[in-house]
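In case you want the letters, here they are:
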Amino acid sequence: MKREIRAGTLVGFAGPGAVVDIGNESFIVPPIYRWHRNAFQRLDLPRLSGRLGKALRAVEGSRSTLPAQRFPASLFCESCRNLIQWKTEMEEKGKAPRCPRCERRGTLVPMRFVLACENGHLQDFPWHLWAHSGDYVDRDCTERSRLKFEVRASGGETGLASLQVRCTECGSRRDLGDITSRREIGRLLHRCHGRHPWHRQSEECDAKPEVLQRGATNLHYPVTLSALDIPSLSEEDDTTAYRDLVQGHDKYPRLRELMAAGGSETEELRQILTEMIASDTGVRQEVVSGIAEAKTDGRDSTEVREHVLDQDCLLQEEWQTLTGAMERGSLRSRTFIAETESANTGLPRWASSLIDGILLIHRLREVSVFTGFQRIRPGAGSARVAADPRGSEDWLPAAERFGEGVLFRISSSVLRHWEASLPAGQKSHIETLEAQRVAEEYWFLPPVTPTLIAVHTLSHLLLRRITFECGYSSSSLNERLYIDPVTGQAGILIYTGDGDSEGSLGGLVRQGRNDRIGQTLHDAVEEARWCSSDPVCSETSGQGLGGFNRAACHACTLVSETSCTMANTLLDRRLLLDSEVGLINFAESTG
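Residues numbered from 1 in each chain as written. Predicted model: local features only at pLDDT ≥ 70, side-chain atom pairs only at ≥ 80, totals over all residues. Heavy atoms only, no water.

1. Considerations on empty space enclosed by the protein
Throughout the structure, instances matching the rule amount to one cavity of 30 Å³ or more. Counted as a void, the largest cavity has a volume near 30 Å³. Asn-24, Glu-25, Ser-26, Arg-70, Pro-72, Leu-75, Pro-97 and Pro-110 together form the lining of the largest cavity. (1 Å grid on protein atoms, 1.4 Å probe; cavity = no way out; pocket = protein on both sides within 12 Å on 5 of 7 lines; lining within 4 Å. Points joined across faces, edges and corners; volume = space filled by probe spheres on them.)

2. Remarks on unusual backbone geometry
Here the amide bond leading from Phe-71 into Pro-72 is cis, since omega sits at 0°, within 30 degrees of zero. As for its placement among the helices and strands, Pro-72 is situated in the loop between β5 (69-70) and β6 (74-77). The omega torsion across Asp-534 and Pro-535 is 5°, close enough to zero to call that bond cis. Its location among the elements puts Pro-535 in the loop between α15 (514-528) and α16 (536-539). (Helix = DSSP H or I, 4+ residues; strand = E, 2+ residues; numbered from the N terminus.)

3. Thoughts on the sheet that holds strand β8 (residues 108-110)
Across the sheet, which stays open at both edges, the six strands sit in the order β8-β6-β7-β11-β12-β13 with antiparallel pairing between neighbours. Single-partner strands in this sheet number two, and they are β8 and β13 (173-175). Taking the axes of each pair of neighbouring strands and ignoring which way they run, one obtains an average angle of 30° across the sheet. Where strand β11 (residues 147-151) and strand β12 (residues 163-167) come together, five bridges link them in antiparallel fashion. By the bridge assignment for β12, Leu-147 is matched with Cys-167. (Pairing = 2+ DSSP bridges. Axes fitted to C-alpha atoms, helices over the stretch in contact; angles between N-to-C directions.)

4. Thoughts on the confidence of the model for the protein
The predicted model of the protein has a mean per-residue pLDDT of 87, with 93% of residues at 70 or higher. Low pLDDT (under 50) marks residues 298-307, which in the prediction has 22 contacts with non-local residues, meaning those over four places away or in another chain. (pLDDT = per-residue confidence, 0-100. Contact = heavy atoms within 4.5 Å.)

5. What about the side chain of Ser-172?
Considering the arrangement of structural elements, one finds Ser-172 in the loop between β12 and β13. Within the local environment of Ser-172, its side chain forms a polar contact with the backbone nitrogen of Asp-138, the two atoms lying 2.6 Å apart. The contacts of Ser-172, once residues within four sequence positions are left out, are Ala-131, His-132, Tyr-136, Val-137, Asp-138, Val-165, Arg-166 and Cys-167. (Polar contact = N/O pair within 3.5 Å; in protein donor to acceptor, adjacent residues only side chain to side chain.)

6. Side note on the pattern of salt bridges
Summed over all chains, the structure comprises 37 salt bridges. With a shortest N-O distance of 2.9 Å, Arg-401 and Glu-366 are connected by a salt bridge. In this pair, Arg-401 is assigned in strand β22 (residues 395-410) and Glu-366 in strand β20 (residues 355-374), connecting sequence segments 35 residues apart. (Salt bridge = Lys/Arg side-chain N within 4 Å of Asp/Glu carboxyl O.)

In structure tokens, the structure reads:
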């Protein structure tokens, strides 16, 4: 029996700590120290691996295997409805779990609900406590294993209230009508048990547990970083780029000591250590030697970089290179080929003013790395659990994609003058959204500004329109926003990627050509002026996650969840298209 998941999902929703459904079975993905390291090949991207101080590894081939365990362990039989607590010793290799209590040996299916907390803990729901906590209970019954998960035969209830857990020993029972109630769970469990079933550890925890469905999005928020493999326009050499990665190896201190001591008697040992570090990190031996020798020469190779590597840092570096390529007219490397497109004719009047440059990227490579995850709520309010909780591994799971893209540079001058022209009421609304973002701890969203909302909305409109023309499906296209509120610079990268190094159809770059881009920009904006859900959509005061969207719904603006960098939030057609405050009309009047 094959149980398969896509390799790329290991750096996303199926990463360490995630609960994944495969057919009628449910498993939890273990930490990386339990993965088969030899099944992963090294990926080379210094600006990520060097700064993280970890090697990057991706699944190699289609026969790679990953150890996993069943979760939740509470399973029920589809034939006899008995609720079984599954144990590892009950496993039969290559076979789905079967009921040990009924003659039919019915298929066992995982229960739908689990408990989790904001500190990253996860545990099975205590069904025995639930069955003995309702109105029809025997308080003296201590039986934990004689439970049945049933559909109530009478009562006229629907939904969760029509399901119940019953103890066959004493007859105690309770339906699932209020199983998601925080108050009821608080009565049942005063605090979280602090369990990490994905690496079989537990710890003290005072957080309040919450009931979630095992497939819920907020059960596992992956924390990832992604970077484009683009040539740097700076003079940073390999010694600087790989410094943190090499110095993080456990054999590096010994190599440094031997380098400092010198002498021919330790030369062989120095060579062995250099080869070992080079093999583990994927860095060339001469670079490893150069880093170790830099310390002995009194240079500052071991100084820790003061800045924290985050996605914004990577985006700023990419923007410098991409805009530099625009100024130079082209930029080429093994994994990156780009050229400037002169779109001087055929553009709508607003685009001639607002679009400050177009870069066609014929080839690009994106590398994503999984660093950890959060549960319940993403951002600063929840604890981040590392992919390697023991800290024993010198690598992180990663994935690479190859594709093409089109970059639009937005005029910072137009954006600056437009923001200054906005009426006080509109500015007040944006300030209210930012205050809400901070108060409700939506830290995964960037600071809310008029430019962010307008540019993000324009990006979505372009994504939706280009899908009809380029030959790629809507879920294959992605956006990458470059917005710096300090400098006022802004850009939109629409790109696609695939795990195959040959995976590029060329249709996306074709849409960026001078003979097509004008019509694409015109159609993207004009189609958004009317939504099939208007006037409800255009007049709403807030919709979507947290109410951060205004005039934006699935009929006019939203895209696939995998395509958007902000979970389909911070969108508003009015801020872009309104005749009085819209960015498009402002750009058209100044063009």
